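One-letter residues, chain by chain:
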Amino acid sequence: MTKRFLAAAAFVLLSSTVTASTTDIGATDIGAIFETACPFGDCAAGISLSYLGEFVIPTGHMENGIEFGGISGLDFDAATGHYLAISDDRSERGPARFYELDVDLDASGLKGVSIVKQVTLKDKNGEPFAARTVDPESIRLGKDGIYWGSEGDGKALLAPFVRVASPDGSFVREFKLPEGFAPTADKSTGIRDNLAFEDLAVAPSGDVFVGVEAALYQDGPKSSLTSGSLSRIVRYDGATGKPKAEYVYPVSPIPQAATKPDGGNDNGMSEILALDDHRLLAVERSYAQGFGFGNNIKIMMMDLTEATDVSTIASLAQNDQRVVPVRKSQVLDLRAIGLVPDNIEAMSLGRAKDGAEVLILGSDNNFSTSQKTQFYAFKILSRPQQ
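Small disclaimer: the values here were computed from a predicted structure and weren't measured.

**Q** Before we go on, may I ask you to explain the overall build of the protein chain in this structure?
**A** The helix and strand tally for the protein chain stands at 1 helix and 24 strands. What you see for the protein chain is a C-alpha radius of gyration of 19 Å, in line with the 21 Å of a compact globule of 386 residues. Each principal axis of the C-alpha atoms in the protein chain carries an extent, and together these give about 55 × 55 × 50 Å. Here the protein chain holds 386 residues, and 57% of them are scored as buried. Here the protein chain contributes 36 positive and 51 negative side-chain charges, whose respective centroids are spaced 3 Å apart.

In structure tokens:
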């Protein structure tokens, strides 16, 4: 076993899992409760969710002459009561864009999701992005605008980025990319293609967290059926756009083998969401090709307290320093509670029409007729206390 695989195994062993409990009613009935009382043994971090239902927008829905879909990021705007949703269309079906959505949700359940408006993202020159020059994957509201991330393109050697846009989509500023993240032609360092800046979160303090879906090339392998992957989470000063720290998030091994001969499978971190300044939720999204499986979605809670700042460690795979990853604990497994999730890549806190705090999940349909834009809603009964 190589050193890098030993490192991956060590990190995964340091993570913990807590199984959520449910009420006696059907798991997918409105009002079913899922509780994790003491993640990582920390009862102040307990979280309890109540299921409020699912709503689907079929693939092929058109909005202003452009196909709706590819929803890869979601965030709540308290000023309007609406949600911002970013599409990962690489300016191929239409210009790179985000949407304003109205979510019809109260204690009786999730009744609908409607599109209020569509906004075109602009490049630094004030123009819509040219085809395949950007890959929007995440969106959050920050103190000075709309923060959004592009995954980049490992094959075309386009670096990932996080930028701030005005409400009309115009460029405001860009965050500094840390050393070691830019793609390289020989794949010796940097992001993997389609496994890069997928995750974005803004903490109450204004700090911004950006996560890669799987390990950078220099940090080890992506997830397999027998080993996990060491993803980095960059912590930025939101005001300056400069990196402050980096942490290791241990993505779990792929939970299910493909049943289709030569079929693909994977697992990666597809979104993060700040609960406070050190606790975040993460979506681990796995896929196994073949009948009866498809996507599996697990919601994890992580705690950055006492995690090692690895920003000065060039390679996690060739490192002799002691590294403590973020602590993580499973909060929810969507398939285990009876749901059939699609490709969940978006997650947001928000408010229902009756004022209740809610957690919303959304899926990227890949503009595929075999997939769908899917939303799940959960009422938050309790969540971590400082």
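**Q** Can you walk me through the sheet that holds strand β7 (residues 82-87) in this structure?
**A** Two pairing modes exist for strands in a sheet, parallel and antiparallel, and in both the strands are linked by backbone hydrogen bonds. Strand order in the open sheet formed by 4 strands is β6-β7-β8-β9, with antiparallel pairing between adjacent strands. Edge positions in the sheet fall to β6 (71-77) and β9 (109-120), since each has one partner strand and no second. This sheet shows a mean twist of 30° between the axes of neighbouring strands, independent of strand direction. In this sheet, β7 lies alongside β6 in antiparallel orientation, the contact comprising 6 bridges. Each residue of the ladder has a partner; that of L74, found in β7, is A85.

**Q** Even after reading the chapter, I still don't get the nonpolar core, so can you show me in this structure?
**A** Nonpolar side chains tend toward joint burial in soluble globular proteins. Of all hydrophobic cores here, the largest spans 27 residues; its most connected members are L332, L334, L359 and F378. Of all hydrophobic cores here, the second largest spans 22 residues; its members include F68, L105, V113 and A346.

**Q** It is not clear to me how the environment of F181 should be interpreted in this structure. Could you clarify?
**A** As for its placement among the helices and strands, F181 is situated in the loop between β13 (171-174) and β14 (197-202). F181 gets classed as buried once you look at its relative accessible area, which sits at 0%. Considered as a pair, F181 and I139 are 42 residues apart in the sequence and their alpha carbons are 20 Å apart. Each residue touching F181, except ones within four places of it in the same chain, is listed here: P160, G190, I191, F197, V212, L216, R232, V234 and E246.

**Q** Any chance you could explain the state of the cysteines here in plain terms?
**A** Linking two cysteines covalently through their sulfur atoms gives a disulfide. One pass over the full model with this rule turns up 1 disulfide. Covalently, C38 is tied to C43 through a disulfide, its sulfur atoms 2.0 Å apart. Because the torsion about its S-S bond is 90°, the bridge between C38 and C43 counts as right-handed.

**Q** Which parts of the structure should I look at to understand the pairing of strand β16 (residues 229-237)?
**A** Successive residues of a regular strand alternate their side chains across the two faces of the sheet. Counting buried positions over the 9 residues of β16 gives 8, a clear majority of the element. Both strand β15 (residues 208-212) and β16 contribute to a ladder of 4 bridges, which runs antiparallel. Following the sheet pairing, F209 is matched in β16 by R235. Alignment of β16 against strand β17 (residues 242-251), held across 9 bridges, turns out to be antiparallel. The residue bridging S231 from the neighbouring strand is Y249, located in β17.

**Q** Just to check I follow, could you spell out unusual backbone geometry for this structure?
**A** Leaving glycine out, the prevailing phi sign among residues is negative, and the prevailing peptide bond configuration is trans. In this structure, S91 takes a positive phi of about 60° despite not being glycine. Take S91: it is sitting in the loop between β7 and β8 (97-106). Backbone geometry at E306 places phi at a positive 70°, although glycine is not the residue there. On the secondary structure map, E306 appears in the loop between β20 (294-303) and β21 (327-333). A residue is classified by how much of its surface remains accessible, and E306, at 72% relative accessible area, is exposed.

**Q** Honestly, the pattern of salt bridges in this entry has me stumped. Any pointers?
**A** Oppositely charged side chains can pair when the atoms bearing their charge come close. Enumeration over the complete set of coordinates arrives at 25 salt bridges. Ionic pairing is found between R97 and D89, a salt bridge with its closest N-O pair at 2.8 Å. Judged on exposure class, the residue R97 and its partner D89 are both buried. Between D135 and R90 there is a salt bridge, and its shortest N-O distance comes to 3.1 Å.

Rules of the game
- Residues numbered from 1 in each chain as written.
- Predicted model: local features only at pLDDT ≥ 70, side-chain atom pairs only at ≥ 80, totals over all residues.
- Heavy atoms only, no water.
- Helix = DSSP H or I, 4+ residues; strand = E, 2+ residues; numbered from the N terminus.
- Rg over C-alpha atoms; globule rule 2.2 N^0.38 Å.
- Buried < 20%, exposed > 50% of the residue type's maximum accessible area, 1.4 Å probe, protein only.
- Lys, Arg positive; Asp, Glu negative; His and termini not counted.
- Charge placed at Lys NZ, Arg CZ, Asp CG, Glu CD.
- Pairing = 2+ DSSP bridges.
- Axes fitted to C-alpha atoms, helices over the stretch in contact; angles between N-to-C directions.
- Core = buried A, V, L, I, M, F, W, Y, C linked by side-chain atoms within 4.5 Å.
- Contact = heavy atoms within 4.5 Å.
- Disulfide = S-S within 2.5 Å.
- Salt bridge = Lys/Arg side-chain N within 4 Å of Asp/Glu carboxyl O.

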